Amino acid sequence: MSMFGIGGSSSPSSGNINSERMEMAMQELDMVTDIFNRIVSTCHNKCINTRYAEGDLNKGESVCIDRCVAKFFEANKKVGERLQSVGANAGAAGGGAFGL
């Protein structure tokens, strides 16, 4: 089965696109695009001089970008883990996520 629910014989209407899966895939694509754009913007502003002297990144810029991206993903991972634990604790206590 493909990512968008096209093809494969496991769905009852194998010729039609599953609209729910398509919507989920579009939301995921939007989230990934947003994260990518935020990483590019943040790390570019932090690591690359606005006066471009060379066509390629120098060693300092490359190292800075590597570290910036790694820190971004580490922070994103920690926030995700924290949100999951808060959601799990709220669910176990009988309340909704985030105390709603």
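Presented here is an overview of the structure given in this document. (Residues numbered from 1 in each chain as written. Predicted model: local features only at pLDDT ≥ 70, side-chain atom pairs only at ≥ 80, totals over all residues. Heavy atoms only, no water.)

1. Some remarks on the nonpolar core
- Core analysis: the largest hydrophobic core is formed by six residues, namely Ile 39, Cys 43, Cys 47, Ile 48, Cys 68 and Phe 72.
- Among the elements of the structure, α1 (19-47) and α2 (59-92) are those that each provide at least two residues to this core.
- If one sorts the elements of this core by residue count, α1 sits on top with three residues.
- The residues touching Ile 48, leaving out its near neighbours within four places in the chain, are Cys 43, Leu 57, Glu 61 and Ile 65. (Core = buried A, V, L, I, M, F, W, Y, C linked by side-chain atoms within 4.5 Å. Buried < 20%, exposed > 50% of the residue type's maximum accessible area, 1.4 Å probe, protein only. Helix = DSSP H or I, 4+ residues; strand = E, 2+ residues; numbered from the N terminus. Contact = heavy atoms within 4.5 Å.)

2. Overview of the state of the cysteines
- Inspection of every chain in the model, using the stated rule, returns two disulfides.
- Linked covalently through their sulfurs, Cys 43 and Cys 68 form a disulfide whose S-S length is 2.0 Å. A torsion of -90° about the S-S bond marks the disulfide between Cys 43 and Cys 68 as left-handed. With Cys 43 in helix α1 and Cys 68 in helix α2, this pair connects stretches of sequence that are 25 residues apart. (Disulfide = S-S within 2.5 Å.)

3. Describing the packing of aromatic side chains
- Using the criterion set out here, one finds one aromatic pair in the structure.
- Consider the rings of Phe 72 and Phe 73, whose centres lie 6.5 Å apart with planes at 85°: the pair is edge-to-face.
- You can call Phe 73 partly exposed: its relative accessible area is 46%. (Phe/Tyr/Trp six-rings, centres within 6.5 Å; stacked < 30°, edge-to-face > 60°.)

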